[in-house]
Amino acid sequence: MPETPTALPTAAEELVALTRLEYELTLFSRHYLASAKYRPNQQLDRSAYLILVRLELDSPLSLKELAEAFRLDISTINRQVGAMRKQGLVERVADPDGGIARKVRATARGLEMLVADRTHSRSGVTKVLAEWQDDDIEKMASLIAKFNESIENLEGNPWPRPAG
């Protein structure tokens, strides 16, 4: 028996799907950000975690490069990096390319704390996905990566990704 061609979604169906997606992304953000309160073993605040993630893969960076990567004002990044320096999470270094501006890189302590927090975070995600099939987890990871890459392409602001 020949397959019936699949009908394209109508504009109304697309609107319903996009409305649902936007709502689910809102909840996703809420759950992720709110969950930090319930993870007492997390050592890093959100901004330090994100900056260290970036520096782990793309280091060293100037304050200007960090501000551009995060789409934040340089004074905001300067304040966040200053707090991280006081905690020994990052350090300023000479530009390896010989530029005038000093750059920021993660310290061994900063990377150790990042790994510890990532391990706690991954443990929480593992609990949430305990009943999921491996292929569903892979599909979700692929779709979120595709979504993030689409945003990065629209913004002209690609992020480095770990190999593998």
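Calculation rules
- Residues numbered from 1 in each chain as written.
- Predicted model: local features only at pLDDT ≥ 70, side-chain atom pairs only at ≥ 80, totals over all residues.
- Heavy atoms only, no water.
- Helix = DSSP H or I, 4+ residues; strand = E, 2+ residues; numbered from the N terminus.
- Rg over C-alpha atoms; globule rule 2.2 N^0.38 Å.
- Buried < 20%, exposed > 50% of the residue type's maximum accessible area, 1.4 Å probe, protein only.
- Contact = heavy atoms within 4.5 Å.
- Areas by Shrake-Rupley, 256 points an atom, 1.4 Å probe, with all protein chains shown as cover.
- Lys, Arg positive; Asp, Glu negative; His and termini not counted.
- Charge placed at Lys NZ, Arg CZ, Asp CG, Glu CD.
- Axes fitted to C-alpha atoms, helices over the stretch in contact; angles between N-to-C directions.
- Parallel < 35°, antiparallel > 145°, perpendicular 65-115°, else oblique.
- Left-handed = near helix turned anticlockwise from the far one by under 90°.
- Nonpolar A, V, L, I, M, F, W, Y, C, P; charged D, E, K, R; others polar.
- Patch = residues over 30% accessible without salt bridge, like charges linked within 9 Å, V, L, I, M, F, W, Y side chains within 5 Å.
- Salt bridge = Lys/Arg side-chain N within 4 Å of Asp/Glu carboxyl O.
- Phe/Tyr/Trp six-rings, centres within 6.5 Å; stacked < 30°, edge-to-face > 60°.
- Lys NZ or Arg CZ within 6 Å of the ring centre and 35° of its normal.

The name an unreviewed UniProt entry assigns to the protein chain is MarR family winged helix-turn-helix transcriptional regulator, from the organism Antrihabitans spumae.

A. The overall build of the protein chain, seen in detail. Along the protein chain, the regular secondary structure elements total six helices and two strands. The order of α-helices and β-strands along the protein chain, N terminus first, is α-α-α-α-β-β-α-α. Relative to the globule expectation of 15 Å for 164 residues, the C-alpha radius of gyration of the protein chain, 20 Å, shows a markedly less compact shape. Among the 164 residues that make up the protein chain, the fraction classed as buried is 23%. Of the contacts made within the protein chain by residues no fewer than 6 positions apart, 54% connect residues no fewer than 24 positions apart. Total accessible area on the protein chain stands at roughly 12200 Å², and carbon and sulfur atoms take up 58% of it. For the protein chain, the centre of its 22 positive side-chain charges and the centre of its 24 negative side-chain charges are spaced 9 Å apart.

B. Quick peek at the packing of helix H3 (residues 63–70) against helix H4 (residues 74–86). For the pair H3 and H4, interaxial distance at closest approach is 9 Å and the crossing angle is 110°. One finds that H3 runs roughly perpendicular with respect to H4. Like other packed secondary-structure pairs, H3 and H4 cross with a definite hand, here right-handed. When H3 is examined against H4, the residues Leu63, Lys64, Leu66, Ala67 and Phe70 are found in contact with a partner set consisting of Ile74, Ile77, Asn78 and Val81. Its residues placed into classes, the contact of H3 with H4 shows seven nonpolar, one polar and one charged.

C. Geometry of a nonpolar patch on the surface. Taken together, Leu18, Leu21, Leu25, Phe147 and Ile151 make up a surface patch of nonpolar side chains, about 410 Å² in accessible area. Among the elements that take part in the nonpolar patch, helix H1 (residues 11–35) stands out by supplying three residues, more than any other. In this structure leucine 21 comes out as partly exposed when scored by relative accessible area, which is 40%.

D. Fine view of the packing of aromatic side chains. For the structure shown, the criterion picks out one aromatic pair. With 5.2 Å between their ring centres and 85° between their planes, phenylalanine 70 and tryptophan 159 make a pair best called edge-to-face. A residue pair is termed long-range when its members are at least 10 positions apart, and phenylalanine 70 in helix H3 and tryptophan 159 in the segment after helix H6 (134–155) qualify at 89 residues. On the basis of relative accessible area, phenylalanine 70 is assigned to the buried category, the value being 18%. Here the guanidinium or amino end of arginine 54 rests over the ring plane of tryptophan 159, the centre of that ring lying 4.4 Å away.

E. Focus on unusual backbone geometry. Here the amide bond leading from serine 59 into proline 60 is cis, since omega sits at -5°, within 30 degrees of zero. Position of proline 60 among the secondary structure elements: in the loop between helix H2 (46–57) and H3. A positive phi angle is found at arginine 71, which is not glycine, with a value near 60°. Mapped onto the fold, arginine 71 is located in the loop between H3 and H4.

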